[in-house]
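The lines below spell out each chain.
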Amino acid sequence: MNKINVILASVMLAATATNATAGGILTNTNQSIDFLRNPARDGAIGLDGVYSNPAGVAFLPEGFHLGINWQYAHQTRTIESTNPYFALGRKNGGNATKTFEGVADAPCIPSVQAAYNKGDWSVQFNFSVPGGGGKCEFADGLGSFESVVGGIANSLRGLDQIATALGQTAPGVEGYDMDGYMQGRQYYFGFQLGAAYKINPNLSVYGGLRLLYGTATYKAKISNIQVKTAAGYVDFGSFMQSATALVDGGINGVNNGLAQVNAGIAQYEAAGVPAPAELTGMKAQLEGTATTLQGTSQSLNALQKYSQGVNLLCNQSSVGIAPIIGIDWRVGHFNFAAKYEFKTQIHMKNESTVNEASEIAAVNKFRDGEKIDEDSPAQLALGAMWNISDDVRLNLGYHHFYDTNVNWYNNTQDLLDGGTNEYLAGVEWDVTDRLTISGGGQLTRYQLTDAYMNDMSFVVNSYSVGFGFKYKASEKISLSAAYFQTNYEHYEKTVSTEPLVRDDFTRTNRVLGIGCEINL
């Protein structure tokens, strides 16, 4: 029963959806093409500041400003898993190490920034995808799926000994075959409205609210499970029927034997003579065999209802709201800014094929009608910009995500050693009055633990680089294009050394984006 608990827990897709690109564990910070070509935008003055530095937008010229951005992101998640059970798999060629890759595509990540500046006031609106932003698909399932199926096949080898003891033909279980599939899709749409006010020509403040609408779909499937026997590959359901019949027949035989032995012992006891040691020993042996067969029967009965595989479909949705505050201060050739986004409480409501309560916690996460905690953490962003000359600007930034001060399902936030830290730097150069080129980078450091990492939901430390240009097509219209790439480290998690059970996690990420800015 423990093994089937594990397989279902694995299937439940704790958080398979992918973040579109940059940011914390659940937060996307790439909300403009300006960010892609220079991630250090927290202290910059520009229309993209509606998201990254809203207080600084107050220093833009009076009038209406509109920015429209489109991004395409392609990401992979790769887990190299080592488990001795994989060697039993039909498709694995006897290898104990297997690579599972998930492909995540976000073909359209839109964002819109708008601001109307009049006098000392700036009224702003932002539409973005600050969480999720794509679909991740593992066409062959995951190691946590397959290792458990392999473990079940390995445990069925014990039927050979039982069959031999009962004088039956041993099934000769040698391996397994299966098809696995997993997909997660998640989007958090953000609608931000706020206003900035210039206290004086060099100081401004901002206050606003962001509404998050979250929607997600999770799918998982384990199908075509087969058991390799001495007679070849057999459908798992058919095998379970024959195995159950074998064990049930053995239980009946042992019970009959026990009845005869007990009757014999009763005769000796009635005569006041101790039963022979051979007879009492036979009773103890039969009782031990009965206990083993009963345990095997219970295990087979637990597996029987999953003989057709596992299917899951769960849709989730929720709404949350949180305030945002900011400040921007200009002094000489420098500009400094800070922004704080409060935690957004999110309770995702399930519409699921899981209708009944279960003793398995991971199943209950996707129970129909349940509300699941998936808070978006608070974020502190600090930025600085240095106007080295009239044409060149240097940018620096820092982000901290308060990942441990949220409520996530099963308190998984407590498995982290702390929040996420990001360090950003970039430079912009006005080559001409019309053309600006820029580039920059971002270093992301999570405080991960082995307990937090699993193949259904993982992040790894990374560094990102981006570059691009902005071209002023006219006095009112500017066009931008950029490329952004994240390079991930590897995280190795060793579960045991004898036997060797280990996972190696890494990812890839590439983003292209184009944008248009209109100033009226």
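Residues numbered from 1 in each chain as written. Predicted model: local features only at pLDDT ≥ 70, side-chain atom pairs only at ≥ 80, totals over all residues. Heavy atoms only, no water.

With that settled, consider the environment of Phe366. Along the chain, the position of Phe366 falls in the loop between helix 8 (361–364) and strand 10 (371–373). Given a relative accessible area of 0%, Phe366 falls into the buried group. With 16 residues separating them in the primary sequence, Phe366 and Asn350 have C-alpha atoms 6.3 Å apart. (Helix = DSSP H or I, 4+ residues; strand = E, 2+ residues; numbered from the N terminus. Buried < 20%, exposed > 50% of the residue type's maximum accessible area, 1.4 Å probe, protein only.)

Another aspect to go through is helix 6 (residues 236–270). Between its terminal C-alpha atoms helix 6 stretches 50 Å, which fits the 51 Å expected from 35 residues at 1.5 Å a residue. Among the residues of helix 6, the N-terminal cap falls to Asp235, whose side-chain oxygen and the backbone nitrogen of Gly237 are separated by 3.0 Å. Positive phi shows up at Gly272, right after helix 6, with a value of about 75°. (Expected span 1.5 Å × (residues − 1). Polar contact = N/O pair within 3.5 Å; in protein donor to acceptor, adjacent residues only side chain to side chain.)

It is worth spelling out the pattern of salt bridges at this point. If you walk through the whole model with that rule in mind, you get 16 salt bridges. A salt bridge links Lys472 to Glu475, with the shortest nitrogen-to-oxygen separation between them at 3.6 Å. Here Glu475 falls in the exposed class, since its relative accessible area comes to 64%. Residues joined in a network through salt bridges with shared partners are Asp34, Arg37, Arg41, Asp48, Arg393, Glu428 and Asp430. (Salt bridge = Lys/Arg side-chain N within 4 Å of Asp/Glu carboxyl O.)

A surface patch of nonpolar side chains, amounting to about 1100 Å² of accessible area, comprises Phe64, Tyr116, Val123, Phe125, Phe191, Leu193, Leu209, Leu211, Tyr213, Val319, Ile321 and Leu520. Of all the secondary-structure elements, those providing two or more residues to the nonpolar patch are strand 3 (121–138), strand 4 (175–200), strand 5 (203–229) and strand 7 (310–331). It is strand 5 that provides the largest number of residues to the nonpolar patch, a total of 3 residues. Locating Leu211 in the fold gives a position in strand 5. For Leu211, a relative accessible area of 32% corresponds to the partly exposed category. (Patch = residues over 30% accessible without salt bridge, like charges linked within 9 Å, V, L, I, M, F, W, Y side chains within 5 Å. Areas by Shrake-Rupley, 256 points an atom, 1.4 Å probe, with all protein chains shown as cover.)

Another aspect to go through is the packing of aromatic side chains. A full pass over the atoms with the stated rule returns 14 aromatic pairs. Consider the rings of Tyr340 and Phe342, whose centres lie 4.8 Å apart with planes at 90°: the pair is edge-to-face. Using a relative accessible area of 34% as the deciding quantity, one classes Phe342 as partly exposed. Between Tyr340 and Tyr402, the ring centres sit 6.2 Å apart and the planes meet at 65°, which makes this aromatic pair edge-to-face. (Phe/Tyr/Trp six-rings, centres within 6.5 Å; stacked < 30°, edge-to-face > 60°.)

With 13 residues, helix 4 (residues 143–155) should reach 18 Å at 1.5 Å per residue; the first-to-last C-alpha distance of 18 Å fits that figure. Most of helix 4 is tucked away: 11 of the 13 residues are buried. Within helix 4 the residues assigned to the buried category are Gly143, Ser144, Phe145, Glu146, Ser147, Val148, Val149, Gly150, Gly151, Ile152 and Ala153.

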